[in-house]
Amino acid sequence: MTSAISYMYTGDAAVDKSNAFELLETAHKLQLPGLTALVSSFLMSADECSPASVCNVLSNAQQLGAAVLAQHCYALIERETKAAIESVGFEDLPREAVVQLLQRDTLAIDELDLFLAVIRWGQKEKKRLEAAAAAAPAPESDAAGNDSGETAGEGGGGAGGGAERPDLATALAGVIES
């Protein structure tokens, strides 16, 4: 936070690996486009944005509204697709980023390798959806035991409580068109 305050007074901040994403988040929250640009420049350097780390940088850039940084990440992924999708960060990309990547015609990768990576991403997405469903509060029941919003005779059925358990098709919905 000291670097962000320093930026507000001097127009400059000490950006390094340990504070880059925190500064990017602060810049987003405080609507400081100059700080966003400064941190983005740091993250776009060859040392900070490599094929092994680009997916992590892209996730943060998209989440925090750093459009120039996100475009830089997409360009790097296009050039170094195989290395980028083999990184652990690929599996953690948000759905929107995976969809945007799949819409590009210039990815430097064999289609089978890309398909297998998307399946790997989908399996991880399925686990995230399952965790979210398990953490979701159970629907409230009325006096007749019906879930809220249901009429008598429709009943919730099943084990009750929580949302329906997602499957791989649900995880990949919108990513791979049927």
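Scroll up to find the structure this text is about.
Here goes a summary of the coordinates provided. (Residues numbered from 1 in each chain as written. Predicted model: local features only at pLDDT ≥ 70, side-chain atom pairs only at ≥ 80, totals over all residues. Heavy atoms only, no water.)

Attention shifts here to the side chain of S59. With respect to the secondary-structure elements, S59 resides in helix α4 (residues 54-63). Overall, the relative accessible area of 15% leaves S59 in the buried class. In this structure, S59 is in contact with D92, L93 and P94, ignoring residues within four places of it in sequence. (Helix = DSSP H or I, 4+ residues; strand = E, 2+ residues; numbered from the N terminus. Buried < 20%, exposed > 50% of the residue type's maximum accessible area, 1.4 Å probe, protein only. Contact = heavy atoms within 4.5 Å.)

Together, I5, M8, Y9 and L30 make up a nonpolar patch on the protein surface, roughly 460 Å² of accessible area in all. Turning to its location among the elements, M8 is positioned in helix α1 (residues 2-10). (Patch = residues over 30% accessible without salt bridge, like charges linked within 9 Å, V, L, I, M, F, W, Y side chains within 5 Å. Areas by Shrake-Rupley, 256 points an atom, 1.4 Å probe, with all protein chains shown as cover. Salt bridge = Lys/Arg side-chain N within 4 Å of Asp/Glu carboxyl O.)

Further remarks concern the nonpolar core. One finds L35 and L93 to be the most contacted residues of the largest nonpolar core, which totals 40 residues. Within the residue set of this core, elements represented by two or more residues are α1, α2 (20-29), α3 (33-44), α4, α5 (67-79), α6 (81-86), α7 (95-102) and α8 (111-135). Of the residues forming this core, the biggest block, six residues, is contributed by α5. Those residues in contact with L93 that lie beyond four places of it in its chain are C55, L58, S59, V98, L101, W121 and R128. (Core = buried A, V, L, I, M, F, W, Y, C linked by side-chain atoms within 4.5 Å.)

Let us look at the pattern of salt bridges. Tallied over the entire structure, the rule returns ten salt bridges. R120 serves as the salt-bridge partner of E91, at 2.6 Å between the closest nitrogen and oxygen. Taken together, the positions of E91 in the loop between α6 and α7 and R120 in helix α8 put the pair 29 residues apart, joining distant regions of the chain. Residue R120 is classed as partly exposed on the basis of its relative accessible area, which comes to 27%. Salt-bridge contacts for E125 lead to R95; the nearest nitrogen and oxygen are separated by 3.3 Å. Here E125 is found in helix α8, whereas its partner R95 is found in helix α7, with 30 residues between them in sequence. The class for R95 is partly exposed, based on a relative accessible area of 22%. Through salt bridges that share partners, D92, R95, K124, E125 and R128 make up one connected network.

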